[in-house]
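What the coordinates show
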Protein chains: 2
Amino acid sequence: MMEYPLLVHRFLERSSVFSAHKEIVTREEHGTHRQTYADLMTRSTRLSNALAELGVDQGDRVGTFAWNHYRHLEAYFAVPTMGAVLHTINIRLFVDDLVYIINHASDKVILVDPDLVPILEPLASCLKSVEHYIVMTDDRNFTTTLPSAHNYEDLLSEASDKYSPLYLDENAPAGLCYTSATTGRPKGVVYSHRGIVLHSMTEAQTDTMGIRERDVVLPIVPMFHANCWGVPFTSALVGATQVLTGVRPDPESICHLIESEKVTLSLGVPTIWVGVLDHITRSGRSYDFSSLREIASGGSAVPISLIQTYKDQLDVNVVQAYGMTESSPLISYNRRISQLDDLTEGEKLQLSGSQGPLVSGLEMRLIDDQGNDIAWDGEQRGELLFRGPWVADSYYDDVRSSETFIDGWYHSGDIASVDANGYIQIGDRVKDMVKSGGEWISSVDLETAIIAHPAVLEAAVIAIPHERWVERPLACVVPNSDFQGKLTKTEVLDFIRDQFASWWMPDDVVFIDEIPKTSVGKFDKKILRERYQNHQSK
Amino acid sequence: MMEYPLLVHRFLERSSVFSAHKEIVTREEHGTHRQTYADLMTRSTRLSNALAELGVDQGDRVGTFAWNHYRHLEAYFAVPTMGAVLHTINIRLFVDDLVYIINHASDKVILVDPDLVPILEPLASCLKSVEHYIVMTDDRNFTTTLPSAHNYEDLLSEASDKYSPLYLDENAPAGLCYTSATTGRPKGVVYSHRGIVLHSMTEAQTDTMGIRERDVVLPIVPMFHANCWGVPFTSALVGATQVLTGVRPDPESICHLIESEKVTLSLGVPTIWVGVLDHITRSGRSYDFSSLREIASGGSAVPISLIQTYKDQLDVNVVQAYGMTESSPLISYNRRISQLDDLTEGEKLQLSGSQGPLVSGLEMRLIDDQGNDIAWDGEQRGELLFRGPWVADSYYDDVRSSETFIDGWYHSGDIASVDANGYIQIGDRVKDMVKSGGEWISSVDLETAIIAHPAVLEAAVIAIPHERWVERPLACVVPNSDFQGKLTKTEVLDFIRDQFASWWMPDDVVFIDEIPKTSVGKFDKKILRERYQNHQSK
């Protein structure tokens, strides 16, 4: 067979011809911006050439500090095509971490959204490696204190439109993304061209996301998070229409986009879908979601009650996806296998709360504390290990790599059971388990049960210190707007009492306005643990 | 990302766990044979070990001379897993070619079906490299004059069941298949592990065959032909049920299998589908084909009339696939792209006669006689060139390679036009065009028009020598059984007259009982040309 490296730019080379007129739609303050795949090719070519003019060379890191929009997408292709590395920077990081990762990555250029410029301006003096800032705005008069700042559109209009891709080794780096660490600084994951291509080929398979040419794909997941779940790449591979949420998407604008663009597949963390549902309920508005073939939800476990509500109330299928920054990210996708067609509706609903079977192309192990393999019986829990061609083998230039990548396996830190069909059921992160009197209590199991209460919007269960039992569970509950100040501790505990051993039951319930979220929208239990470390249960 | 070679045996490692109870069904003389993916894993492991006992080593070629059945499938995985090369031998080759390819491949072992043993027995003395023959039969008393012959089941029952795969470089050879050449001996194509894996990942994508876990796949295409279009591999990748046709499948047994096994996807050359339709019409029987999501037809162009009849009469979608031995084989698959949804039903039908858009992952060019690129305007015709990771870069140990593989491109010899959407419309093989008075006449266009006549079963148009025009077209027509001896030359020519310039019209029509077919079921025009080289048109 031919020696033919798997390279990210092949995607756009294909879609700009075979899907030349298909669109990239970006939500803007007033209306939408529309361009075609042919436009995307032309403009990303100009961006490559502009970056080369600024001195970006093969292997250099180019940062993006931006929302989801067409210019960000142009960078997704322009940077790897020239052999440079796209470093998508999380716009919600704390300032210290921001400085750390930009310096650690040695970004040479940063592409930044105008509304995010104020975050970078005070840090510029600490960002020694950055030689140029490019502000992604139409406003040619935009001013900033950032040194060596350029206007994106000025650069593009001055740049050559000659397409000069580098056909490098497929193992060359194409992307870089930092993941928040439990302790210490964020850790970087380098994505190779080969990894991205194989991951995209998998997301286009019917048994996973099945992204196809006729899809209209709306990722709510930020483009700075784990390659936006790979969706911009996979969509370009097949020529699917892409809809991007622009600056600060809110539930209402997401609903509008689904309806007006006839979105067929949307993807985001559960918090997004809770918010969308809440908006619909509170506003009393109805939207036409009939174009949606499914919603993919990942990043944290989706409560079954949410899946059921979407089905009953909106006739929308919510499918669990599971993955992480270290795995590009797709690990599993809960498309029901044929062997489970005979389940009752109740059993099917229960199953939809699982993370689904491992996608083809990867390998998985389940191990106990001693590193021994555990049976896939749907009961016993252990840590999940993965390996495969789109799983990282280390963190970028980080001594902590050896804690996570051991003997060729990525140790995920996720506690789960796996059933005989290979369905993954995530319990907790190792660090989120409550260890009471030497026994493990799953915070996720408790949360899932609590959130099924109709008056509960969100719930997080955390471990708080206890003199006798070392740790005990505390439930932090956000009531629905209609029930604020009305829902009681007893109601919550009574609702779940039948499902758990008495020693699993939370010692107390606190009612709060919202669950703090991490920069990628997951529950930030670290903050809750700090807040309630001296909590006295009543 | 991890260094993780793409290897064929990963497929079975996955499906024997994740789809352990899914079935491989083989049609037998009486009833069906059924085994699971777990069984397939166990038995293919035993076969690997048995072959190793016989002296098969990494890189050695193991031939198969067999129909489609579970033992053949066991060899599909056993041989590459041990690092050896699976050489699927075409059972319909002429004796001279058989001897040539087995010697050229230096097959060390040949796995042979009992009913095909009589073909090999007289050749054994010429097959110097073959050290062992393994007869794939339950009959332990089967006797043969083949030297060093073994019974397949005896070998398996004596072999170890210890799984000892070789995790070799992904570019290592896994398969070998010879393709018939226009002139001279067959030419061998070597398939790498990497090529097969990437090809399978593509066939599992929704925009191509979309083979998924819940499919029940029935390949009618022989397992000795171009990896059975890759279907046994792709099915194992996703864990789909496989239905195999056994010895000498006929249209009736194909209909029975579709109905009884609830087949969702079946694949074969147009001749098969003509035969199936003819069987249904003639027998007056009706079958339940409601499980079929589509039929894939390839190997030669499918007449639009056949597509329409399947839709109207059986409510079955026939989708054109296009490919060749040199490309593993999938090149294009005619799944309609969204941009063409607004076509009229008539235009859609017309479009279904095309070979569809190039699958993602490959590249294509269209060139004229001088090697210049031709516009993709749906009008101009040229030769198709391909490249990509599952396209061959040479023929195995063959000086003719340099005629076909030029500057990194595979020159297919197929004449086609490509439209602005990238849809391929195959005209003729270069060698099948009729050159009349210096102008090209497409035999395929004429055939397609003739076969639309309701009284015509099959039609082939060939060039016959002509004193003045050098060549002129002759139509060879097989009438439907009801019209044999009744259909006239005038009726045929009048039927197509409106569609062609007068000089394109065949000079004569001859009525024959059947069109001679090549070993893979394509029209063998070489035989017709010889038969009619002195034909005098009336």
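These numbers come from a predicted model, not from an experiment. Here, residues in each chain are numbered from 1, in the same order as that chain's written sequence. Each chain is given a letter, starting from A, and each ligand a number, starting from 1, according to the order in which they appear as written. Where local features are concerned, this predicted model is filtered to residues with pLDDT of at least 70; where side-chain atom pairs are given and counted, the filter is 80 or more; whole-chain, interface and lining totals use all residues. To obtain the side-chain values, all non-hydrogen atoms of the structure were included, while hydrogens and water were left out.

Some thoughts on the pattern of salt bridges
The criterion, for reference: Salt bridge criterion: a side-chain nitrogen from Lys or Arg within 4 Å of a carboxyl oxygen from Asp or Glu. In DSSP terms, a helix is any run of H or I states spanning at least four residues, a strand is any run of E spanning at least two, and both are numbered starting from the N terminus. Per-residue accessibility, obtained with a 1.4 Å probe over protein chains only, is compared with the maximum for each type, and a residue is labelled buried under 20%, exposed over 50%, and partly exposed between these values.
The final tally for this structure, using the stated rule, is 68 salt bridges over all chains. Where Arg194(A) meets Glu170(A), a salt bridge forms, and the shortest distance between an N and an O atom there is 2.8 Å. Here Glu170(A) lies in the loop between helix H6 (152-158) and strand E8 (173-179) and Arg194(A) lies in helix H7 (residues 193-203), a separation of 24 residues in the sequence. Accessibility expressed as a relative area gives 8% for Glu170(A), which makes it buried. Among the ionic pairs, Arg365(B) bridges to Asp373(B), the shortest N-O distance being 3.1 Å. Take Arg365(B): its relative accessible area is 22%, and that puts it in the partly exposed class.

Some points on the interface of chain A and chain B
Worth spelling out the cut-off: Contact criterion: two residues are considered in contact whenever any of their non-hydrogen atoms come within 4.5 Å of each other. Accessible area that two parts lose when put together, with a 1.4 Å probe and added across both, is what the buried area reports. Any pair of nitrogen or oxygen atoms within 3.5 Å is treated as a polar contact; in protein, a donor-acceptor pairing is required on top of that, and neighbouring residues in sequence qualify only through side-chain atoms on both sides. When residues are sorted by character, Ala, Val, Leu, Ile, Met, Phe, Trp, Tyr, Cys and Pro go into the nonpolar class, Asp, Glu, Lys and Arg into the charged class, and all the rest, Gly among them, into the polar class.
Opposite the 61 residues of chain A that make contact, chain B presents 60 residues. Of all residues in chain A, the largest losses of buried area upon contact with chain B belong to Met1(A), Met2(A) and Phe18(A), amounting jointly to 20% of the total for that side. At the junction of chain A and chain B, the tally comes to six salt bridges. Inspection of the region where chain A meets chain B yields 27 residue pairs in polar contact (both at pLDDT 80 or more). Going through the elements one at a time, helix H1 (9-18), strand E9 (187-192), H7, helix H8 (231-238), strand E17 (363-367), strand E18 (382-387) and strand E20 (409-418) of chain A are the ones with two or more residues in the side of chain A that touches chain B. Taken together, the residues of the side of chain A that touches chain B break down into 29 nonpolar, 17 polar and 15 charged.

Looking at the packing of helix H2 (residues 37-53) of chain B against helix H3 (residues 70-81) of chain B
For any two helices packed against each other, the geometry is given by the interaxial angle and the distance between the axes. Residue and element names in this part refer to chain B. Selection criterion: With axes taken as lines fitted to C-alpha atoms, and helix axes fitted only over the stretch in contact, angles between N-to-C directions fall between 0 and 180 degrees. For classification purposes, an angle smaller than 35 degrees is called roughly parallel, one larger than 145 roughly antiparallel, one from 65 to 115 roughly perpendicular, and anything else oblique. Each crossing is labelled by how the near helix is turned from the far one, with a counterclockwise turn of less than a right angle marking it left-handed and a clockwise turn marking it right-handed.
With their axes 8 Å apart at the nearest point, H2 and H3 run at an angle of 60 degrees to one another. Our classification of the angle between H2 and H3 gives oblique. By crossing handedness, the relation of H2 to H3 is classed as right-handed. Contacts from Leu40, Arg43, Ser44, Leu47, Ser48 and Leu51 in H2 reach Tyr70, Arg71, Leu73, Glu74, Ala75, Phe77, Ala78, Val79 and Thr81 in H3.

Let's talk about the sheet that holds strand E2 (residues 32-36) of chain B
Residue and element names in this part refer to chain B. What counts, and what does not: When DSSP locates at least two bridges between a pair of strands, those strands are taken to pair.
With mixed pairing, eight strands are arranged side by side in an open sheet as E2-E1-E11-E10-E12-E13-E14-E15. The open sheet has two edge strands with one neighbour each: E2 and strand E15 (330-333). Pairwise comparison of adjacent strand axes, ignoring direction, gives a mean angle of 20 degrees for this sheet. Direction of pairing for strand E1 (residues 23-27) relative to E2: antiparallel, over a ladder of five bridges. Within the sheet, the bridge partner assigned to Ile24 lies in E2 and is Gln35.

Examining the sheet that holds strand E3 (residues 61-65) of chain B
Residues and elements named next belong to chain B. Read across the open sheet, the seven strands follow the order E7-E6-E5-E3-E4-E8-E9; overall the sheet is mixed. The open sheet has two edge strands, strand E7 (149-151) and strand E9 (187-192), and neither has a second partner. Here the strands of the sheet are splayed against their neighbours by 25 degrees on average, with no regard to which way each runs. Sitting on the sheet, helix H7 (residues 193-203) touches strand E8 (173-179) and E9, and the angle it makes with E9 is about 75 degrees.

Remarks on H8(A)
Residues and elements named next belong to chain A. Of all eight residues that make up H8, eight are buried, and the element is covered over most of its length. Of the residues making up H8, those classed as buried are Val231, Pro232, Phe233, Thr234, Ser235, Ala236, Leu237 and Val238. Looking one or two places after H8, you find Gly239, whose phi comes out positive at around 85 degrees.

Points about the confidence of the model for chain A
Applied cut-off: Every residue carries a pLDDT, the predictor's confidence in it, which falls somewhere between 0 and 100.
Taken residue by residue, chain A gives an average pLDDT of 94. The fraction at 70 or more is 99%. Prediction confidence for the complex, expressed as pTM and ipTM, is 0.89 and 0.89 respectively.

Description of unusual backbone geometry
What is expected of a backbone is that most residues other than glycine have negative phi and most peptide bonds are trans. Residues and elements named next belong to chain A. In this structure, Pro329 follows Ser328 across a cis peptide bond, with omega equal to 10 degrees. Note on placement: Pro329 falls in the loop between strand E14 (318-323) and strand E15 (330-333). The residue Lys262 is not glycine, and still its phi comes out positive at about 55 degrees. Among the structural elements, Lys262 can be located in the loop between helix H9 (251-260) and strand E12 (265-268).

Section: the relation of the copies chain A and chain B
Condition: Superposing copies: least-squares fit, C-alpha atoms only, residues required to have pLDDT of at least 70 in both.
Note on the copies: chain A fits chain B at an RMSD of 0.1 Å, the axial shift is 0.0 Å, and the rotation between them is 180 degrees. What the superposition gives is, in effect, a two-fold axis relating one chain to the other. Closest approach to the rotation axis among the C-alpha atoms of chain A is made by Gln205(A), whose C-alpha sits 1.9 Å away. By residue overlap, the copies meet face to face through one surface: 98% of the interface positions of chain A are interface positions in chain B.

Some points on the packing of aromatic side chains
Residue and element names in this part refer to chain A. Stated formally: Between rings of Phe, Tyr and Trp, where Trp is taken as its six-membered ring, a pair exists when centres lie within 6.5 Å; planes separated by under 30 degrees are stacked, by over 60 edge-to-face, and by other angles tilted.
One pass over the structure, following the stated rule, counts 20 aromatic pairs over all chains. Relative to Phe233, the ring of Phe77 lies with its centre 5.6 Å away and its plane at 75 degrees, an arrangement referred to as edge-to-face. Here Phe77, found in helix H3 (residues 70-81), pairs with Phe233, found in helix H8; they are 156 residues apart in sequence, far enough to count as distant. Accessibility assignment for this pair places Phe77 and Phe233 in one class, buried.

Description of the environment of Arg27(B)
Residue and element names in this part refer to chain B. Tracing the backbone shows Arg27 in strand E1. Spatially, the C-alpha atoms of Arg27 and Leu244 are 6.3 Å apart, while their sequence positions differ by 217 residues. Within the structure, Arg27 has its side chain in polar contact with the backbone oxygen of Val247 (distance 2.8 Å). Here Ser253 takes part through its side chain, which lies 3.4 Å from a polar atom of the side chain of Arg27.

Some points on the pairing of strand E6 (residues 132-135) of chain A
A regular strand places its side chains so that they alternate between the two faces of the sheet. Residues and elements named next belong to chain A. By the alternation rule, side chains of E6 split into His132 and Ile134 and Tyr133 and Val135, which are all buried. The pairing of strand E5 (residues 109-112) with E6 spans four bridges and is classified as parallel. By the bridge assignment for E6, Ile110 is matched with Tyr133. Direction of pairing for E6 relative to strand E7 (residues 149-151): parallel, over a ladder of three bridges.

What about the side chain of Glu326(A)?
Residue and element names in this part refer to chain A. Turning to its location among the elements, Glu326 is positioned in the loop between E14 and E15. Of note is the side chain of Glu326, whose polar atom sits 3.4 Å from the side chain of Tyr410. Sequence-distant contacts of Glu326, that is, excluding residues within four places in its chain, are made with Thr179, Val189, Trp390, Val391, Ala392, Tyr395, Phe405 and Tyr410.

Description of the environment of Arg387(A)
Residue and element names in this part refer to chain A. Its location among the elements puts Arg387 in strand E18. Judged by relative accessible area, Arg387 falls into the partly exposed class, the value being 23%. The spatial distance from the C-alpha of Arg387 to the C-alpha of Phe405 is 9.7 Å, given a sequence separation of 18 residues.

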